[in-house]
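# Examining the three-dimensional arrangement
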Amino acid sequence: QDVMAPKKLINPGKLTYGTAATFAPFEYTENGKLVGFDIELGEMLAEKMGLETAPLNMEFKGLIPALQGTRIDIINSAMYINEERAKQVEFVPYLKIGNEIIVKAGNPHGIKSRADVCGRTIAVTLGGIQESYAREDATRCEGEGKPTVTVLTFPTAQDSALAVRVDRADIFYNSTPGAVKQLSELPGIYELAGETFESNTRIGIALRKDDMDGKRAIEEALAALVADGSYDALIERYNLPKSVALLSQ
Amino acid sequence: MFDSPELIIEYLISPVFLNAAWLTLVITVVSMTCAMIIGLFIALLQETNWPFVNGFVTVYLWLFRGTPVLFQIIFIFNVLPVFGILLSGFLSGVIALALNEGAYMAEIYRSGIQSVGRGQRTAGKSLGMKEWQVMRYVVIPQALRVVIPPTGNQFLGMLKLSALVSVIAVEELLLVANQTASANFRYLEALTAAGIYYLTMTTVFMFIQARIEQWVGARQGAVAKPRTWTQRLLGMTSNAGA
Amino acid sequence: MFDSPELIIEYLISPVFLNAAWLTLVITVVSMTCAMIIGLFIALLQETNWPFVNGFVTVYLWLFRGTPVLFQIIFIFNVLPVFGILLSGFLSGVIALALNEGAYMAEIYRSGIQSVGRGQRTAGKSLGMKEWQVMRYVVIPQALRVVIPPTGNQFLGMLKLSALVSVIAVEELLLVANQTASANFRYLEALTAAGIYYLTMTTVFMFIQARIEQWVGARQGAVAKPRTWTQRLLGMTSNAGA
Amino acid sequence: MTAELQGGAGPKELIRVRGLHKSFGSLKVLQDIDMTVETGKTVVLIGPSGSGKSTLLRCMNLLETIEQGSITFDGQEIANLTQQAHRIRRDIAMVFQNFELFKHLSAAENIMLAPMKVKGVPRLEAHDRALELLEKVKIPDKADTYPEQLSGGQQQRVAIARALAMDPKAILYDEPTSALDPEMIREVLDVMLELSNAGMTSVVVTHEMSFARRAADHMVFMDKGLIVESCATDQFFDGEVSARTKQFLDQILH
Amino acid sequence: MTAELQGGAGPKELIRVRGLHKSFGSLKVLQDIDMTVETGKTVVLIGPSGSGKSTLLRCMNLLETIEQGSITFDGQEIANLTQQAHRIRRDIAMVFQNFELFKHLSAAENIMLAPMKVKGVPRLEAHDRALELLEKVKIPDKADTYPEQLSGGQQQRVAIARALAMDPKAILYDEPTSALDPEMIREVLDVMLELSNAGMTSVVVTHEMSFARRAADHMVFMDKGLIVESCATDQFFDGEVSARTKQFLDQILH
Ligand SMILES: Nc1ncnc2c1ncn2[C@@H]1O[C@H](COP(=O)(O)OP(=O)(O)OP(=O)(O)O)[C@@H](O)[C@H]1O
Ligand SMILES: Nc1ncnc2c1ncn2[C@@H]1O[C@H](COP(=O)(O)OP(=O)(O)OP(=O)(O)O)[C@@H](O)[C@H]1O
Ligand SMILES: [Mg+2]
Ligand SMILES: [Mg+2]
């Protein structure tokens with residue numbers, strides 16, 4: 001135990017965290033077990049604090065109510081950080097990720113960058129930051145007098161992926177790690193178009209506003225992980241590009 | 001619990017929420033209307049004795065009541081395109097909801113039809129009416145009374161069930177609330193705003209139901225239990241005052 | 001559409017899916033059992049004429065039918081702890097579903113009770129039975145026939161509705177299917193596996209319903225429409241052969 | 001009214017039942033029933049409770065499936081008509097023992113429904129006719145009353161009016177005066193006689209012997225699903241009859 | 001059986017109705033009804049259809065709310081009893097004009113239900129009693145038959161048996177023989193006489209004058225909600241009566 005655990009925990013001796021395990025490679029299930037980058041990170045953080053983990057796996061839309069209803073200590077579900085959200089919860093950022101334009105293999109509409117999306121249909125996932133980027137595109141296109149963008153918000157990444165596959169949507173905005181996982185699971189069906197964009201979207205662990213002690217503990221534990229090199233090792237193990245490492249020295 | 005209650009009002013009058021509420025209402029009413037027609041049709045088909053038709057009806061009821069409507073929505077939205085049928089999200093949603101709900105309505109009508117005594121049908125037949133005329137003029141009007149409360153249930157249920165079409169990105173009320181909330185994490189405010197819309201629509205539906213019940217009851221000379229919706233609300237007020 | 005159909009079978013026999021299906025079944029049966037008791041209780045309360053009770057019933061019916069059960073689940077799970085009531089996810093889910101469903105069942109029972117002719121009650125009363133005895137021994141047994149099909153509907157509906165408890169981390173069937181799909185993007189396979197479970201459970205429920213209907217029908221000396229479930233399936237077979 | 005001789009086959013036979021059998025499960029309710037009803041005549045059917053009188057009327061109105069036997073109406077075989085049964089029923093009206101008024105319709109609407117929907121009579125005309133018939137059965141003021149709010153006798157009269165409204169060729173009455181008082185029985189009898197004089201054919205199940213004696217051209221006595229006696233009214237009451245019939249008639253209290 | 005003089009107030013009055021008024025909406029159905037039924041006696045109530053006979057019986061059984069007047073049973077005022085009405089009804093059984101058998105129960109079960117649930121009679125005993133009563137009304141073989149499958153007369157007899165099964169102090173019969181044939185009427189009459197001899201009090205609405213003449217101790221004639229005549233049976237049929245009564249009686253066909 002390197003770090004002092006938070007004094008107030010929902011379940012004594014346990015780090016109770018909420019996660020929406022439908023977001024590979026950060027959190028998903030394999031053979032009924034929770035796996036993914038965040039899950040392992042959670043284990044390591046808990047270990048540093050001398051705690052065990054008690055994950056609560058639920059739908060994305062249930063996470064914030066559960067946090068605010070003091071059902072869980074933290075949300076560990078690759079949540080992106082923005083100003084608005086930061087007013088509601090405390091964030092401890094731990095990664096910086098980019099976003100990808102995914103299209104059907106062969107790129108039938110010849111999309112090369114976000115500049116080409118006007119008049120197209122973009123699928124995004126509920127709770128992901130990509131929705132705001134897609135909406136920005138819509139506003140921009142309208143401003144330029146071009147046909148607008150149709151944004152379709154699906155509940156999970158696989159819904160969005162399916163929409164592109166059956167030509168419901170032309171484009172899927174996904175996070176870079178998510179896109180890598182998707183392309184490797186379903187080879188030959190999708191391809192990436194253009195460059196990674198908005199590559200400094202930060203994701204973090206969320207805590208209640210008044211839980212400063214908890215925030216301190218997470219920050220210290222995270223720093224300890226960075227210091228002993230297991231943070232970088234984890235990133236490497238998940239084949240994430242070096243650029244995601246927000247905290248490495 | 002609420003950090004900023006004024007947000008609720010802001011949401012309530014925002015065009016996004018208004019549009020979403022309107023869409024939810026339209027989906028509900030259109031789906032239920034179709035479902036009621038489908039259900040009646042199926043219930044009447046069940047009255048026949050043609051094995052082929054009965055087989056068809058059985059499979060329909062079994063499949064559509066047997067699988068989650070969510071699957072049916074996803075199927076119509078995502079699988080039919082493979083066969084070259086590309087329907088809009090709204091249309092896919094309404095078709096799936098109507099077909100699903102139709103199977104439920106069929107059962108409700110069946111129970112209503114069963115509740116009409118056999119003697120009433122016999123009397124209709126003995127006057128020279130054809131089977132369908134007996135149904136139309138004798139059985140169905142009497143079945144109405146029994147059918148209205150569960151139909152009201154289904155209407156209210158559909159109001160909430162329609163939220164499932166969010167799975168195919170139709171921007172109904174609950175999706176909009178979730179979208180709004182996921183951007184700024186003000187879940188309670190967004191959900192409360194949506195809840196107020198739902199409660200308002202429900203209240204209107206319940207009011208309409210009470211009026212229809214009253215009307216049907218009056219036509220059948222019912223004297224017992226004349227508890228109108230208004231009276232109920234009065235009862236409620238007296239409770240609130242207690 | 002299916003990239004790897006063999007996955008479906010793999011999912012079907014995996015302990016994760018089996019556990020989730022079992023949990024879904026338990027939630028459904030427990031919630032519906034409670035809902036049926038609550039609904040009956042409320043329907044009987046509605047028969048009384050005490051304004052306070054009627055006010056209470058009205059508010060209950062209005063609130064629980066008026067707001068999405070999703071809210072109710074989230075509320076019981078996340079808001080009650082603020083007041084020191086900390087219930088497990090399973091319990092929160094079951095309570096919310098039962099209270100919500102109870103309001104719907106109450107309406108179904110009301111319609112059933114209404115379907116029993118007033119003369120039958122009068123006859124019961126004239127024999128010296130108390131109000132509740134008339135209800136218990138005369139009205140309810142006769143209302144059963146009318147009530148069974150919509151109750152069956154609610155059972156099947158609950159099977160699907162129970163998927164909502166995934167929002168409070170109860171790992172029921174649909175959440176498991178979604179999680180499985182998120183790992184490998186084999187969405188349709190996972191949904192199909194879940195669908196087969198749902199369909200199986202539905203089939204069992206429908207079978208039970210048909211048996212109950214038959215039993216109640218036989219007890220009431222009904223001769224018409226003796227279409228049993230088996231006969232229906234036979235009709236189906238003959239259809240399949242056509 | 002003169003009692004005519006019975007039995008000669010010819011155009012005057014409106015309803016003819018031959019060798020009719022009917023069972024409910026193992027219970028044989030009608031066995032080998034033969035019966036002829038001539039045009040414009042009134043046949044009265046009597047017999048103990050449970051002897052199958054109502055069932056026989058229901059068979060004649062094609063409301064029961066029969067196992068064996070033939071029923072002809074106006075020379076046409078109708079026993080096995082299923083698709084076209086409603087056509088025959090337009091011409092044979094029936095008044096049910098338990099009335100079976102349509103619960104959701106007022107007295108007038110009960111009477112108007114079939115003429116409007118089956119014969120296409122315009123609503124106003126049907127309504128006028130209904131009021132006229134209600135007048136005939138002495139309850140003009142109950143036109144807008146629902147069956148639940150009518151007394152037993154009033155319901156019975158609405159049931160009779162409903163049957164009359166179809167202007168059928170024949171009417172099957174199942175105890176049409178059971179709920180009526182002596183005054184009303186006379187009124188209804190008068191209506192039936194009037195119809196009979198105008199050429200209406202009737203089969204009447206009744207326990208009112210005095211009524212039978214006055215109204216019937218022909219009497220049929222049934223017991224346990226069998227026809228025991230079938231003869232002209234005069235002979236039935238005053239002539240030679242079988243022992244069983246005599247026993248039944250002797251029970252009648254005066 | 002001897003017809004006793006009527007009217008003396010005393011312990012012998014089982015049911016006493018005074019100044020009873022009842023309306024349905026604007027329709028005055030009962031107006032200022034006075035009536036006394038002595039213990040062990042049979043009162044027959046006659047009157048034209050719609051005159052309020054059934055309504056009067058229903059009032060006596062506390063099945064209608066009354067606007068004005070008093071009803072006493074065994075000396076106790078019962079008109080405004082609402083919570084305890086079921087207690088009184090145990091002692092006053094009623095046979096309904098339209099029978100109202102419980103549709104979901106067989107004939108025997110119809111008869112057994114109230115004794116078992118209200119009086120706590122064990123099932124076996126209730127069953128034996130039901131069979132005995134069905135025997136009495138001559139349909140022992142219909143014990144397991146459901147009401148829908150019974151003929152009109154059979155239903156009526158089950159309804160009578162159901163009322164008898166409660167061993168009440170008084171029975172209100174609403175046209176108990178309307179669906180019966182002459183043979184059966186005699187049988188039922190015998191049952192009623194037997195009960196009467198054993199001390200049963202009855203009020204009978206009937207149109208069977210011959211039946212009334214034999215069974216009644218006292219006759220009441222109602223018209224348009226009013227009691228027109230109330231006197232001993234002998235006087236009613238053979239003595240001086242009002243013009244309206246005479247007119248009604250004259251209509252009776254023999
Ligand atoms: N649907 C049915 N199922 C079984 N048995 C029946 C059915 N209908 C009638 N029965 C039986 O058939 C017999 C004849 O019945 P039906 O109604 O024809 O008698 P009925 O002569 O009209 O008697 P009543 O004068 O009492 O009306 C009775 O024993 C009755 O129980
Ligand atoms: N529930 C009701 N609502 C309104 N009017 C009613 C109701 N019940 C009875 N009436 C009316 O009250 C009057 C008396 O009815 P009641 O049934 O007492 O007559 P009755 O003397 O029994 O006649 P019958 O010999 O035809 O059975 C009738 O005119 C009837 O239409
Ligand atoms: Mg009969
Ligand atoms: Mg009456």
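About the criteria used
- Residues numbered from 1 in each chain as written.
- Chains lettered and ligands numbered in written order.
- Predicted model: local features only at pLDDT ≥ 70, side-chain atom pairs only at ≥ 80, totals over all residues.
- Heavy atoms only, no water.
- Contact = heavy atoms within 4.5 Å.
- Donors = N, O, S within 2.8 Å, 3.2 Å for Na, K, Ca; no water.
- Helix = DSSP H or I, 4+ residues; strand = E, 2+ residues; numbered from the N terminus.
- Buried < 20%, exposed > 50% of the residue type's maximum accessible area, 1.4 Å probe, protein only.
- Disulfide = S-S within 2.5 Å.
- Near = heavy atom within 4 Å.
- Polar contact = N/O pair within 3.5 Å; in protein donor to acceptor, adjacent residues only side chain to side chain.
- Nonpolar A, V, L, I, M, F, W, Y, C, P; charged D, E, K, R; others polar.
- Axes fitted to C-alpha atoms, helices over the stretch in contact; angles between N-to-C directions.
- Parallel < 35°, antiparallel > 145°, perpendicular 65-115°, else oblique.
- Left-handed = near helix turned anticlockwise from the far one by under 90°.
- pLDDT = per-residue confidence, 0-100.
- Least-squares fit on C-alpha atoms with pLDDT ≥ 70 in both.
- Buried area = accessible area lost by both parts, 1.4 Å probe.
- Salt bridge = Lys/Arg side-chain N within 4 Å of Asp/Glu carboxyl O.
- Pairing = 2+ DSSP bridges.

### Topic: the arrangement of the chains
Contacts are most numerous between chains B and C, considering all 8 pairs of chains that are in contact. The two units chain A and chain D remain apart, with a minimum C-alpha distance of 49 Å. Kept free of each other, chain A and chain E leave a smallest C-alpha distance of 49 Å between them.

### Overview of the coordination of the magnesium ion (ligand 4)
Residue and element names in this part refer to chain E. Bound to the magnesium ion (ligand 4) on the protein side are Ser54 (OG) and Gln97 (OE1), at distances that span 1.9 to 2.2 Å. Within this pair, whereas serine 54 is found in helix H1 (residues 53-60), its partner glutamine 97 is found in the loop between strand S6 (92-95) and helix H3 (107-119), the two being separated by 43 residues in sequence. The buried category is assigned to glutamine 97, whose relative accessible area is 19%.

### Here we look at the state of the cysteines
All names here are of chain A. This model, assessed by the stated rule, comprises 1 disulfide over all chains. Each sulfur in the disulfide pair cysteine 118 and cysteine 141 lies 1.9 Å from the other. Judged by the sign of its S-S torsion, about -85 degrees, the bond between cysteine 118 and cysteine 141 is left-handed. Placement of cysteine 118 in the loop between strand S6 (89-104) and strand S7 (121-125) and of cysteine 141 in helix H4 (residues 130-143) is noted, with a sequence separation of 23 residues between them. Of the two residues examined, cysteine 118 and cysteine 141, each falls in the buried class.

### Description of the site of ligand 1
Residues in contact with ligand 1 amount to 20 residues; listed here are only the nearest, Ser49, Ser54 and Thr55 of chain D together with Ser151 and Gly153 of chain E. Near ligand 1, the surrounding residues belong to chains D and E. Between ligand 1 and glycine 152 of chain E there is a distance of 3.3 Å, counted from an oxygen atom to a backbone nitrogen or oxygen. The backbone of glycine 153 of chain E places a nitrogen or oxygen atom 2.6 Å from an oxygen atom of ligand 1. Among the elements of the structure, strand S2 (27-38) and helix H1 (53-60) of chain D together with helix H5 (152-164) of chain E are those that each provide at least two residues to the shell around ligand 1. The class makeup of the residues in the shell around ligand 1 is 4 nonpolar, 13 polar and 3 charged.

### Considerations on the packing of helix H3 (residues 107-119) of chain D against helix H4 (residues 123-136) of chain D
All names here are of chain D. Their axes nearest at 9 Å, the elements H3 and H4 cross at an angle of 130 degrees. Judged by the inter-axis angle, H3 sits oblique to H4. Crossing handedness for the pair H3 and H4: right-handed. Seen from H3, the contacting residues are Ala108, Ile111, Met112 and Met116; seen from H4, they are Arg123, Ala126, His127, Ala130, Leu133 and Leu134. A class-by-class count of the residues in the contact of H3 with H4 yields 8 nonpolar, 1 polar and 1 charged.

### Notes on the confidence of the model for chain D
Residues with a pLDDT of 70 or more make up 94% of chain D, whose mean pLDDT is 88. If you check the scores for this complex, the pTM reads 0.88 and the ipTM reads 0.87.

### Digging into the relation of the copies chain C and chain B
Superposition of chain C onto chain B requires a rotation of 179 degrees combined with a translation of 0.0 Å along the rotation axis, giving an RMSD of 0.3 Å. Taken together, the rotation and translation relating the two chain copies correspond to the operation of a two-fold axis. The fraction of interface residues of chain C whose copies in chain B are also interface residues reaches 97%, indicating that both copies meet through the same surface.

### Structural notes on the side chain of threonine 201 of chain D
With respect to the secondary-structure elements, threonine 201 of chain D resides in strand S8 (residues 201-205). The exposure class of threonine 201 of chain D is buried, given its relative accessible area of 1%.

### Re the interface of chain C and chain B
With 66 residues of chain C in contact, the opposing surface of chain B contributes 65 residues. Both sides together, the interface formed by chain C and chain B hides about 5600 Å², and carbon and sulfur atoms give 61% of it. The tally of links from chain C across to chain B stands at 2 salt bridges. Residue glutamate 213 of chain B pairs with arginine 110 of chain C through a salt bridge whose shortest N-O separation is 2.8 Å. In this assembly, chain C and chain B are joined by 18 residue pairs in polar contact (both at pLDDT 80 or more). Where the side of chain C that touches chain B is concerned, the elements lending two or more residues are helix H2 (15-47), helix H3 (51-66), helix H4 (69-79), helix H5 (89-115), helix H7 (131-161), helix H9 (187-219) and helix H10 (229-241) of chain C.

### Observations regarding the sheet that holds strand S4 (residues 52-57) of chain A
The pairing of strands in a sheet comes from backbone hydrogen bonds and takes either a parallel or an antiparallel form. All names here are of chain A. Strands sit in the order S4-S1-S5-S10-S6-S9-S7-S8 across an open sheet of 8 strands; the sheet is mixed. The open sheet is flanked by S4 and strand S8 (150-154), the only strands paired with a single partner. Pairs of neighbouring strands in the sheet enclose a mean axial angle of 30 degrees, with direction left out of account. Of the strand pairs in this sheet, strand S1 (residues 14-19) and S4 are connected by 6 bridges, and their pairing is parallel. Residue leucine 15 lies in a different strand from S4, and its bridge partner there is threonine 53.

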